[in-house]
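# Residue-level structural notes
Listed below are the residues making up each chain.
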Amino acid sequence: MSDRSSSKLNDYALVIDWETTGLNAEIHLGIEIAAAVVDRMSWKVLEVFQTYVFFDKDRYVWEDAAEKVHGISQVFLAGEGIAQEEARSEFVRFIRKYWTITDPVLQVSHNVPFDRGFTEQLLGGHEAAVKEITWYHYYLDTAQIGLALCGNAKSDVVFAEINRSKKRGYHSAVEDVHSCVYILQTVKEAWREYQLSR
């Protein structure tokens, strides 16, 4: 994807999370995407996008270990998933409400490289993705925040520690997007309290 670091950010950030059939976007498929547009100053969620993607067994590999993480089955996707091309069109329409092709997009994720890789996959690969989205040269990764604050980058640990949530069951892209947002809201509030105490 394009990276025009000289461009100015607008008022929004894009929080993205994927559930997938494995860890490698070259051979595995992103089967659920959730994305939230948030206000960059307040971290308030403005709009959420979510969809499932039909699994094409002729093009991608299915790992049973991945299904144990998110609980999404091939049978479920056969009924609820949409074609990758349709998911691509819906996602592009969603982001185009807030960013033009040349507006830099500030990405927020828990493990940005992972989610960016599957986002590029959805958009048709790196070269095709450049025509649809321009990433800002910085990003916010809640895995790194977790490593700094909790000593652990794993989402199960970070979300439980910072969000004070109970032990997670199956991973959900929508829930994980909201967990990322909550972490940033918490950090923002801690910074505000620190500023007031000085």
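Residue indices begin from 1 for each chain and proceed along its sequence in written order. At least 70 in pLDDT is required for a residue's local features to be given in this predicted model, at least 80 for side-chain atom pairs to be given and counted, and no such filter applies to totals for whole chains, interfaces and linings, which use all residues. Calculation of side-chain values draws on the structure's entire complement of heavy atoms; hydrogens and water are dropped beforehand.

Glancing now at helix H3 (residues 84-96). Strands are runs of DSSP state E lasting at least two residues, helices are runs of H or I lasting at least four, and both sets are numbered from the N terminus onward. To estimate how far a helix should extend, the number of its residues minus one is multiplied by 1.5 Å. Taking 1.5 Å as the rise per residue, H3 with 13 residues should run 18 Å; its terminal C-alpha atoms sit 18 Å apart, in good agreement. Residues of H3 that are buried include every one of Gln-84, Ala-87, Phe-91, Val-92, Phe-94 and Ile-95, and no others. Along the axis of H3, the buried residues cluster in a sector spanning 155 degrees; they form a single face. Lining the buried residues of H3 we find strand E1 (12-20), strand E2 (30-39), strand E3 (45-52) and helix H4 (112-122). Residue exposure (1.4 Å probe, protein chains only): buried if accessible area is under 20% of the type maximum, exposed if over 50%, otherwise partly exposed. Arc, as used here, means the arc of the directions from the helix axis to the C-beta atoms. Here a residue-residue contact requires only that any non-hydrogen atoms of the pair lie within 4.5 Å.

Let's shift gears to the packing of helix H7 (residues 155-163) against helix H8 (residues 173-197). Under this scheme, a helix contributes an axis fitted over its contacting stretch, all axes are lines through C-alpha atoms, and angles between N-to-C directions fall in the 0 to 180 degree range. Here H7 crosses H8 at 50 degrees, and the two axes come no closer than 10 Å. For the element pair H7 / H8, the angle class is oblique. Read as a crossing pair, H7 and H8 show a hand that is left-handed. Here H7 contributes Val-158, Phe-159, Ile-162 and Asn-163 to the contact with H8, which in turn contributes Asp-176, Ser-179, Cys-180, Tyr-182, Ile-183 and Thr-186. Lys, Arg, Asp and Glu make up the charged group, whereas Ala, Val, Leu, Ile, Met, Phe, Trp, Tyr, Cys and Pro make up the nonpolar group; the residues left over, Gly among them, are polar. Residue composition of the contact of H7 with H8, grouped by class: six nonpolar, three polar and one charged. In what follows, roughly perpendicular refers to angles from 65 to 115 degrees, roughly parallel to angles under 35, roughly antiparallel to angles over 145, and oblique to any angle outside these ranges. Left-handed describes a crossing in which the near helix is turned anticlockwise from the far one by less than a right angle; the clockwise case is right-handed.

Attention now goes to the pattern of salt bridges. By definition, a salt bridge exists where a carboxyl oxygen of Asp or Glu is found within 4 Å of a side-chain nitrogen of Lys or Arg. Going through the model one piece at a time under the given rule, you end up with three salt bridges. Measuring nitrogen to oxygen at the nearest pair gives 2.7 Å for the salt bridge that ties Lys-97 to Glu-47. Of this pair, Lys-97 sits in the loop between H3 and strand E4 (104-105) while Glu-47 sits in strand E3, and the two are 50 residues apart along the sequence. In this structure Glu-47 comes out as partly exposed when scored by relative accessible area, which is 23%. Taking the shortest distance from any N to any O, the salt bridge between Glu-189 and Arg-192 comes out at 2.5 Å. Pair noted here: Glu-189 and Arg-192 are both in helix H8, with a separation of three residues, about one helical turn.

Let us look at the sheet that holds E3. With respect to topology, five strands assemble into an open sheet ordered E3-E2-E1-E5-E7, the strand pairing being mixed. Two strands bound the open sheet, and with one partner strand each, they are E3 and strand E7 (140-141). Against the sheet, H4 touches E1, E2, strand E5 (107-109) and E7, its axis set at about 85 degrees to E1. Strands pair, by our definition, only if DSSP identifies at least two bridges between them.

Bringing the environment of Tyr-138 into the picture now. Here Tyr-138 lies in the loop between strand E6 (134-135) and E7. Under the relative-accessibility criterion, Tyr-138 is labelled exposed at 53%. For the pair Tyr-138 and Ala-83, spaced 55 residues apart in sequence, the C-alpha to C-alpha distance is 31 Å.

So, on to the confidence of the model for the protein. What pLDDT reports is the predictor's confidence in each residue, on a scale of 0 through 100. With 95% of its residues at a pLDDT of 70 or more, the protein shows a mean pLDDT of 93. Below pLDDT 50 for its whole length, residues 1-6 participates in 21 contacts with residues either more than four positions away or in separate chains.

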